[in-house]
Protein chains: 4
Amino acid sequence: MKSKLFLATLLFSSVSLLAQNMNNVQMPEITRVNKRTLIHVPTMLGYQTLKCDFHMHTDFSDGQVWPTVRVDEAWQMGLDAIAITDHIENYPSKKFVGGDDNSSFDIAKPYADKKGIILIKGAEITRSMTPGHFNALFITNTNELDTPNLMDVFEAAKKQGAFIIWNHPGWKAQQPDTCKWWDIHTELLKKGMLHAVEVFNEQEYYPIAFDWCNEKGIAYIATSDIHGLVENMYDLSRYHRPMTLVLATERTEAALKEAMIARRTIAWFGNFLAGKEEFLSEFFKASLTIKLLSENPKEKVYQVINASDVPFMLKAVSGTQFTIAAYGESVIEIPAKCKGDFEVSNLIIRSNKRLTVKFPF
Amino acid sequence: MKSKLFLATLLFSSVSLLAQNMNNVQMPEITRVNKRTLIHVPTMLGYQTLKCDFHMHTDFSDGQVWPTVRVDEAWQMGLDAIAITDHIENYPSKKFVGGDDNSSFDIAKPYADKKGIILIKGAEITRSMTPGHFNALFITNTNELDTPNLMDVFEAAKKQGAFIIWNHPGWKAQQPDTCKWWDIHTELLKKGMLHAVEVFNEQEYYPIAFDWCNEKGIAYIATSDIHGLVENMYDLSRYHRPMTLVLATERTEAALKEAMIARRTIAWFGNFLAGKEEFLSEFFKASLTIKLLSENPKEKVYQVINASDVPFMLKAVSGTQFTIAAYGESVIEIPAKCKGDFEVSNLIIRSNKRLTVKFPF
Amino acid sequence: MKSKLFLATLLFSSVSLLAQNMNNVQMPEITRVNKRTLIHVPTMLGYQTLKCDFHMHTDFSDGQVWPTVRVDEAWQMGLDAIAITDHIENYPSKKFVGGDDNSSFDIAKPYADKKGIILIKGAEITRSMTPGHFNALFITNTNELDTPNLMDVFEAAKKQGAFIIWNHPGWKAQQPDTCKWWDIHTELLKKGMLHAVEVFNEQEYYPIAFDWCNEKGIAYIATSDIHGLVENMYDLSRYHRPMTLVLATERTEAALKEAMIARRTIAWFGNFLAGKEEFLSEFFKASLTIKLLSENPKEKVYQVINASDVPFMLKAVSGTQFTIAAYGESVIEIPAKCKGDFEVSNLIIRSNKRLTVKFPF
Amino acid sequence: MKSKLFLATLLFSSVSLLAQNMNNVQMPEITRVNKRTLIHVPTMLGYQTLKCDFHMHTDFSDGQVWPTVRVDEAWQMGLDAIAITDHIENYPSKKFVGGDDNSSFDIAKPYADKKGIILIKGAEITRSMTPGHFNALFITNTNELDTPNLMDVFEAAKKQGAFIIWNHPGWKAQQPDTCKWWDIHTELLKKGMLHAVEVFNEQEYYPIAFDWCNEKGIAYIATSDIHGLVENMYDLSRYHRPMTLVLATERTEAALKEAMIARRTIAWFGNFLAGKEEFLSEFFKASLTIKLLSENPKEKVYQVINASDVPFMLKAVSGTQFTIAAYGESVIEIPAKCKGDFEVSNLIIRSNKRLTVKFPF
């Protein structure tokens, strides 16, 4: 009987099998459940929707944690892929930390493999304005990017097949009074050295960058740019950490890169999605299952099941407003007088434009 | 411009389109999101798994709320079906509440229809021991059960096609020192007037009742027997309210009744499931997706995705213990030395027996 | 040894006294802790700060719960005093509920006494505009207010010594396009039949009512006007329910009435306080303990302990913004260049004016 | 008007001053409030009750974070004092981390000063059994402890005035089948090189160590021994991290040391306190304010306000059990038949003994 669980004892030790009250005094379970959050997003257009954060730091530049902690955070918070992007320049790392520009990746890679997280090799090219900071992803040897001349860095990155993102374009420390696209960015774009822009970074968004994505044909990116702990920066009880959703043919690094080059990305921050109209429209439709519950001359009542963690805030021209709650079921009452399309306030397709939808489809 | 959302103003009112910090002072959203919880349970054996609570009270006996509140609770907490089971005898209702024995059902029914909740007509036959309290479900006219002679009540219920449950068999107020099955229960069973027993009621479970279900061929039932507010009784941040899972061919009252008569039920309370071995075994398998992540001479590492809100607490004869977290993904490491079957501590099939499983399947 | 707690068994049953891991499988504690929330507000100006909600409904008009549930809610949510204010007119109560206009009070009173909640007898005078709805508090016999002629009702209330509040003055159902003070309100004020106004009701606030309080010498009131469950209406994980703070000489009904007539009230809704400048200024000071932690030419660093559940959102003319978190300790860094006074964005003293403070004092 | 807050715009921009609904669409506040938890414990016996964790690791031995992160955690979680106790031996630190045995302290100290956290210089003497692992606190130069011979290390620590704790005495990796006190521990004790023992470490407690504290005159210590993130190890939504309470004359390092040498400590883990009877008895009394609410022949009803974050689980010989909820107000009903003393199940004074109290006092 020694192999019996304590539970068995609790449940069945009473000879008379009387009712047992559950509220006996117990040693509390003080530890946190070690569990990976499921981020609910729909698969769409035949793609898998990968959850990614492509900008973060560790002890090997100016971050506060060992590289493996970034993998733990990614696993716990439900991400599929991350890039550790320690600063290259000006950071001979902390006085106490050795290694070279590849070390943070080398340390984290085996652990990422064990936990099933795709770890993309990356680095932050850290220059003053212009042109600012850039993340080079999918590189193979960061040390080759550690060179003083600006264009040499970009050439080295391109040679390694890098996907390059302009980081926080309107960062106040660099563009305090504006958020401007300079000639150097046009040059980088033309040379195939600029593929995307952060429309959201840490706590900031850059409205004009939504338009750049559309006008200049670059990808929408949202990142945490985390230096300390993700859990300390964001209120994870209410929102997922900022992330980039990538529509990939499969859950592999190669498929991820193909998808990013093809610009199949959506930026997600707080309750907001920003991306191409076609992707947000499909995200909306793929998330919802709508059923008419009842109908009378004054209103129609719908059951709406939202399979994604994104709520949808709708507003009709006629003034009717309602929110389809995130992940779960809502009952929505639409007045008969409410006609026409709805604007989805939290699905952004231009700096001055939201997605327009029909409800129900 | 009046039709523009406030959001648009916030996002885009700045002419220069500078970075905006999200932490501006805002009027807080003080209201609670009106959303229905999704209870995650697997479909299994070709059935839908309906979430039900068949025992609760309202202002029309000794409860504290208007009948419609029971529908609101059921909707918010993700149930498919409920029965309002106000006491018949001794409760000419509160001094101030009128109506007859059908009133609580009549008041709640239209609202249940609007919200998509299956409301089963029920009533609690409230007698001292023996035989105790019983819930008659699927009845058509409660007034006909409001008669002094005990067997007349059961006859009336049977005539209406009732499914009859023995409530809280070991309730201390009625069986303070024991939890005994009496001759009268055998008689009721033989006459087709007893179909199920509450193995769990409110906060209590009755271990011997697990065995009655198996030996006497009656159905497992778990109920809240709520009189006040469900939210005040249970810690809903950690557990669903107690409920009976019913494996039904479809989500209708008729299918529900068929399934209950066929005894396709599982009692769920806290982290525990109690039911027939075949159902718990299938529940376990249908909930899990397991994938080998890595392997070495010392251990195998598995990714385990649990699609149900029930965690599974496993223990091998060799001593290895681990918990598959509820709804989400865990990484489980199984030592090479661990051989043989596992006991699932929280899946109960007898008063002294737990489900035994293989892991991985 | 039978009287030993289960806990003792768990802790000490092992003969060898080896280390015990806390994560054994246990029956979970599924019930919610039955505890009264402590609302943290400072005592000030020599008064006790009583937490009150003076507007709510029960089964005895158009509410959804038995009167005792309002006492349970008040106790759990930390209130000192409530008034149940069932509608007088047009509500011969629900078809099924009997009693008279005093019944909801009579039912709740003994239970309120047992739980230590001050229950004020009240009723809602429910008229179309003008003049709208009013709550009469501290009345003695509601039945005497149940009379058709408007002024007869107010006369009866006055005769009983009522404190009378104009409810939701800008309620869209009554004043859809405006929030206007009519002649009848001036008349009531002159006759001593109007003492206060709801500046906040349920989810709405009425900015112009802040000015009426100042200009016309009436008291600030915030109420829930709850009909269903308070817990379903508000996100109590983030905010207290709306309430009126009353600065009373002691925690008695008599002291409460004296304080309200003297207009020593503050309306609290979400993160906002609205009230007389002198009271909000004192609330701010009485809540905070500030200590200089360090200082250099660029900044001063302060430890700030906030003893109230109200955060304070400060903004300097020079642009510095910071929030003193609710109940707890913050570290605040004030740049040397930041001079002058701060506006506290969430402390409202006029429709277009916030409290101005010095920081540190 | 540019200096006006957004809030002002929201509240008052409407010319007509109509009612405003709070549920407009808003940019969510995605960041977490940067706030220090208030740990509620009573001051007692004229001492301040300091909250301390004396065992933790960083990148400078086998931890996962930069030393400053330990200060951030301590500040956020409400501690007064911590010791960073990186391993001395066998940890020439990670391959990539330089510095010497003093580095983690040197890095964290200025930041601790800025945040107002007392940082005690410490180190973990890491030896196989016997004698096991020890933390030396209040040392001045860790490098001098980095020497192969065991007794040389203890001599060096003593010379620096160290307070020495035997860590996790029953750790399975070192004492798999027992939790034994060896001769070497007696020797260390006699030589003034052993002052305390961890009765709790990370997730484990060692019942026999409660008795050692009493019999051998050493202090009770509870620590996290954290290597990763405190937040990932413990369920902080329900419990504080494990800690040692120290009854000190003031909040300074010197007073802390004096108090520890005088053994005025209490170990706190989960809901449990372990310590000297006199301290636990005083903790219980100093936490509670009890008031008789009502009385009848069958029972007495008490209002109980608990000013500490520790709940108290009481059980009378007559069988009455109740829990005084942590920090807040409970209503407790004591049957008239309940006589005599209560055992407080979660206040431990011996391996087989709980604190006995009177209720009410």
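Every chain's residues receive numbers from 1 upward, in the order its sequence appears when written. All chains are assigned letters beginning at A, and all ligands numbers beginning at 1, according to the order in which they are written. Residue-level local features of this predicted model are given only where pLDDT is at least 70; pairs of side-chain atoms are given and counted only at 80 or more, and the full residue set underlies all totals for whole chains, interfaces and linings. Based on all heavy atoms of the structure, the side-chain values leave hydrogens and waters out of the count.

Enquirer: Honestly, the overall build of chain A in this entry has me stumped. Any pointers?
Expert: Regarding its fold elements, chain A presents nine helices and 19 strands. Accessible area is worked out with a 1.4 Å probe on protein chains only. A residue is then buried under 20% of its type maximum, exposed over 50%, and partly exposed in between. By the burial criterion, 63% of the 361 residues in chain A qualify as buried. Here a residue-residue contact requires only that any non-hydrogen atoms of the pair lie within 4.5 Å. Sequence-distant contacts, at least 24 apart, represent 65% of the contacts inside chain A between residues at least 6 apart. Every accessible area reported is derived by Shrake-Rupley at a probe size of 1.4 Å, with residue values counting cover from the shown protein chains alone. For chain A, the exposed area adds up to about 13100 Å²; of that, 49% sits on carbon and sulfur atoms. Here a helix means four or more residues in a row that DSSP labels H or I, a strand means two or more in a row labelled E, and each is numbered from the N terminus.

Enquirer: Hey, could you run me through the side chain of Arg354 of chain B in this one?
Expert: All names here are of chain B. Note that Arg354 resides in strand 19 (residues 353-357). Lys and Arg are tallied as positive, Asp and Glu as negative. Neither His nor the chain termini are counted. Only one rule defines a salt bridge in this text: a Lys or Arg side-chain nitrogen within 4 Å of an Asp or Glu carboxyl oxygen. No salt bridge forms around the buried Arg354; measuring N to O, its nearest opposite-charge neighbour Glu343 is 6.1 Å away. Definition of a polar contact: a pair of N or O atoms within 3.5 Å, with one able to donate and the other able to accept a hydrogen when the atoms are protein atoms, and with sequence-neighbouring residues admitted only if both atoms are side-chain atoms. Only 2.7 Å separates the side chain of Arg354 from the backbone oxygen of Ser345, close enough to count as a polar contact.

Enquirer: Mind showing me how you'd approach the sheet that holds strand 17 (residues 328-335) of chain C here?
Expert: Paired through their backbone hydrogen bonds, the strands of a sheet run either parallel or antiparallel. Residues and elements named next belong to chain C. By this definition, two strands are paired if DSSP reports at least two bridges between them. With antiparallel pairing, the three strands of this open sheet are ordered in space as 13-14-17. Because the sheet does not close on itself, it has two edges, and the strands there are strand 13 (288-296) and strand 17. Neighbour to neighbour, the strand axes of the sheet diverge by 20° on average, direction disregarded. Bridge analysis of strand 14 (residues 299-306) against strand 17 gives eight bridges, and the strand direction is antiparallel. What sits directly across from Glu299, in strand 17, is Pro335. Here an axis means a line fitted to C-alpha atoms, over the contact stretch when the element is a helix, while the angle between two N-to-C directions is reported on a 0 to 180 degree scale. Helix-sheet contacts for helix 9 (residues 277-287) involve strand 13 and strand 14, and the interaxial angle to strand 13 is about 65°.

Enquirer: What should I look at first to understand the nonpolar core in this one?
Expert: Nonpolar side chains tend toward joint burial in soluble globular proteins. All names here are of chain B. In this structure, Phe269, Phe312, Leu314 and Phe359 are the most contacted members of the largest nonpolar core, which totals 92 residues. When residues in this core are grouped by element, the largest group, six residues, is from helix 4 (residues 150-159). When residues of this core are assigned to domains, at least three map to each of domain 1 (33-275) and domain 2 (288-357). Take the buried Ala, Val, Leu, Ile, Met, Phe, Trp, Tyr and Cys residues and link them wherever side-chain atoms come within 4.5 Å; each set so joined is a nonpolar core. An automatic or database domain assignment supplies the start and end points of every domain.

Enquirer: Would you mind going over the environment of Asp211 of chain B with me for this structure?
Expert: Residue and element names in this part refer to chain B. Inspection of the secondary structure assignment puts Asp211 in helix 6 (residues 207-216). Considered as a pair, Asp211 and Arg354 are 143 residues apart in the sequence and their alpha carbons are 12 Å apart. Beyond its immediate stretch of four places on either side in the chain, Asp211 contacts Arg350 and Ser351. Within the structure, the side chain of Asp211 is placed 2.6 Å from the side chain of Ser351, a separation counted as a polar contact.

Enquirer: For this particular structure, what's the right way to read helix 6 (residues 207-216) of chain C?
Expert: In an α-helix, one turn spans 3.6 residues, which is why side chains three or four residues apart end up on the same side. The set of residues buried in helix 6 of chain C consists of Pro207, Ala209, Phe210, Asp211, Trp212 and Cys213 of chain C. Of the residues trailing helix 6 of chain C, Gly217 of chain C is marked for its positive phi of about 65°.

Enquirer: Sorry if this is basic, but what is going on with the pattern of salt bridges here?
Expert: Working definition: two side chains of opposite charge can pair if their charged atoms are close together. Residues and elements named next belong to chain C. Evaluated as defined, the whole model comprises 60 salt bridges over all chains. Of the charged contacts, one joins Arg264 and Glu258 as a salt bridge, the two residues approaching to 2.7 Å between their closest N and O atoms. Given the relative accessible area of 8%, Arg264 is considered buried. Residue Lys300 pairs with Glu295 through a salt bridge whose shortest N-O separation is 3.7 Å.

Enquirer: Explain the environment of Tyr239 of chain D to me, please; I cannot follow it from the model alone.
Expert: Residues and elements named next belong to chain D. Mapped onto the secondary structure, Tyr239 falls in the loop between helix 7 (230-233) and strand 10 (243-248). Residue Tyr239 is classed as buried on the basis of its relative accessible area of 9%. Tyr239 sits 30 residues away from Phe269 along the chain, and the two C-alpha atoms are 8.3 Å apart.

Enquirer: Any chance you could explain helix 5 (residues 183-190) of chain C here in plain terms?
Expert: Residue and element names in this part refer to chain C. Taken together, the buried positions of helix 5 are Ile184, His185 and Leu188. Within helix 5, the buried residues cover an arc of 100° as seen down the axis, which keeps them to one side. Exposed residues on helix 5 whose side chains face more than 90 degrees from its buried face are Asp183 and Lys190. Structurally, helix 5 contributes buried residues whose contacts are with strand 5 (133-137), helix 4 (150-159) and strand 6 (163-166). Arc definition: directions from the helix axis to the C-beta atoms.

Enquirer: Please clarify how the side chain of Asn201 of chain A should be interpreted in this entry.
Expert: Residues and elements named next belong to chain A. Counting through the fold element by element, Asn201 comes out in strand 7 (residues 196-201). Judged by relative accessible area, which is 7%, Asn201 ranks as buried. Residue contacts for Asn201: discarding those within four places in its chain leaves His55, His168, Tyr206, Thr223 and Asp225.

Enquirer: How should the packing of aromatic side chains be read in this particular structure?
Expert: Aromatic ring pairs are reported here in terms of the distance separating the ring centres and the angle at which the planes meet. Residue and element names in this part refer to chain A. Between rings of Phe, Tyr and Trp, where Trp is taken as its six-membered ring, a pair exists when centres lie within 6.5 Å; planes separated by under 30 degrees are stacked, by over 60 edge-to-face, and by other angles tilted. All told, the structure shown has 64 aromatic pairs over all chains when counted by the stated rule. Judged by centre distance (6.4 Å) and plane angle (65°), the rings of Phe283 and Phe312 are edge-to-face. Of the two residues, Phe283 sits in helix 9 (residues 277-287) while Phe312 sits in strand 15 (residues 312-316), which places them 29 residues apart along the sequence. You can call Phe283 buried: its relative accessible area is 0%. Of the residues examined, Phe312 reaches a relative accessible area of 0% and is grouped as buried.

Enquirer: Help me understand the confidence of the model for chain A in this model?
Expert: Caution applies to low-pLDDT parts of the model: their predicted coordinates are not meant to be read in detail. Residue and element names in this part refer to chain A. Looking at chain A, pLDDT values average 89 and 91% of them are 70 or higher. Contacts of residues 1-26 to residues separated by more than four positions or lying in other chains number 80 contacts, the stretch itself having pLDDT below 50. Overall fold confidence for the complex sits at a pTM of 0.89, while the interface term, ipTM, reaches 0.86. In predicted models, pLDDT denotes the confidence assigned by the predictor to each residue on a 0 to 100 scale.

Enquirer: Please clarify how the sheet that holds strand 13 (residues 288-296) of chain A should be interpreted in this entry.
Expert: All names here are of chain A. Strand order across the open sheet formed by three strands is 13-14-17, with antiparallel pairing between neighbours. The open sheet has two edge strands, strand 13 and strand 17 (328-335), and neither has a second partner. Shown here is a sheet whose adjacent strand axes are inclined to one another by a mean of 20°, direction ignored.

Enquirer: Even after reading the chapter, I still don't get the packing of helix 2 (residues 67-76) of chain D against helix 3 (residues 103-115) of chain D, so can you show me in this structure?
Expert: A pair of packed helices is captured by two measures, namely the crossing angle of their axes and the spacing between those axes. Residue and element names in this part refer to chain D. Between helix 2 and helix 3, whose axes approach to 8 Å, the crossing angle comes to 30°. The handedness of the crossing between helix 2 and helix 3 is right-handed. Contact with helix 2, carried on its side by Pro67, Thr68, Val71, Asp72 and Trp75, involves Ser104, Ile107, Ala108, Tyr111, Ala112 and Lys115 of helix 3 and no other residues of that element. Each residue is assigned to one class: nonpolar for Ala, Val, Leu, Ile, Met, Phe, Trp, Tyr, Cys and Pro, charged for Asp, Glu, Lys and Arg, and polar for all the others, Gly among them. Within the contact of helix 2 with helix 3, the residues separate by chemical class into seven nonpolar, two polar and two charged. By the definition used in this description, the sense in which the near helix is turned from the far one sets the handedness, with an anticlockwise turn below a right angle giving left-handed and a clockwise turn giving right-handed.

Enquirer: Just checking my understanding: could you explain the domain arrangement of chain A for this structure?
Expert: Accessible area lost upon the coming together of the parts serves often as the stated size of an interface. Residue and element names in this part refer to chain A. Split into domains, chain A comes out as domain 1 (33-275) and domain 2 (288-357). Listed by partner, the interface residues are 18 residues for domain 1 and 14 residues for domain 2. Note on terms: buried area is the combined drop in 1.4 Å-probe accessible area of two parts once they are placed together, counting the loss on both. When domain 1 packs against domain 2, close to 1300 Å² is buried across both sides, 58% of that on carbon and sulfur atoms. Taken as a group, His40, Asn271 and Leu273 account for 44% of the area that domain 1 buries against domain 2, more than any other trio of residues on that side. On the surface where domain 1 and domain 2 come into contact, there are zero salt bridges.

Enquirer: Help me understand the environment of Lys285 of chain A in this model?
Expert: Along the chain, Lys285 of chain A turns up in helix 9. In the structure, Lys285 of chain A is positioned 45 residues away from His240 of chain A in sequence and 21 Å away in space, judged by C-alpha atoms.

Enquirer: Please clarify how the pairing of strand 14 of chain C should be interpreted in this entry.
Expert: Both faces of the sheet carry side chains from a regular strand, because those side chains alternate between them. Residues and elements named next belong to chain C. The buried fraction of strand 14 is high, at six of eight residues. Note: strand 13 against strand 14, eight bridges, orientation antiparallel. In the strand pairing of strand 14, Ile290 is matched with Val304. Between the antiparallel neighbours strand 13 and strand 14 lie two residues.

Enquirer: Got a minute to help me understand unusual backbone geometry in this structure?
Expert: Negative phi characterises most residues that are not glycine, and trans characterises most peptide bonds. Here the amide bond leading from Phe359 of chain B into Pro360 of chain B is cis, since omega sits at -10°, within 30 degrees of zero. At Phe138 of chain A, a residue that is not glycine, the phi angle is positive and equals roughly 65°. The residue Phe138 of chain A is located in the loop between strand 5 (133-137) and helix 4 (150-159) in this model. Looking at Phe138 of chain A, the relative accessible area reads 5%, which means it is buried. Non-glycine residue Tyr327 of chain D carries a positive phi angle of around 25°. Examined against the element boundaries, Tyr327 of chain D turns out to sit in the loop between strand 16 (321-324) and strand 17 (328-335).

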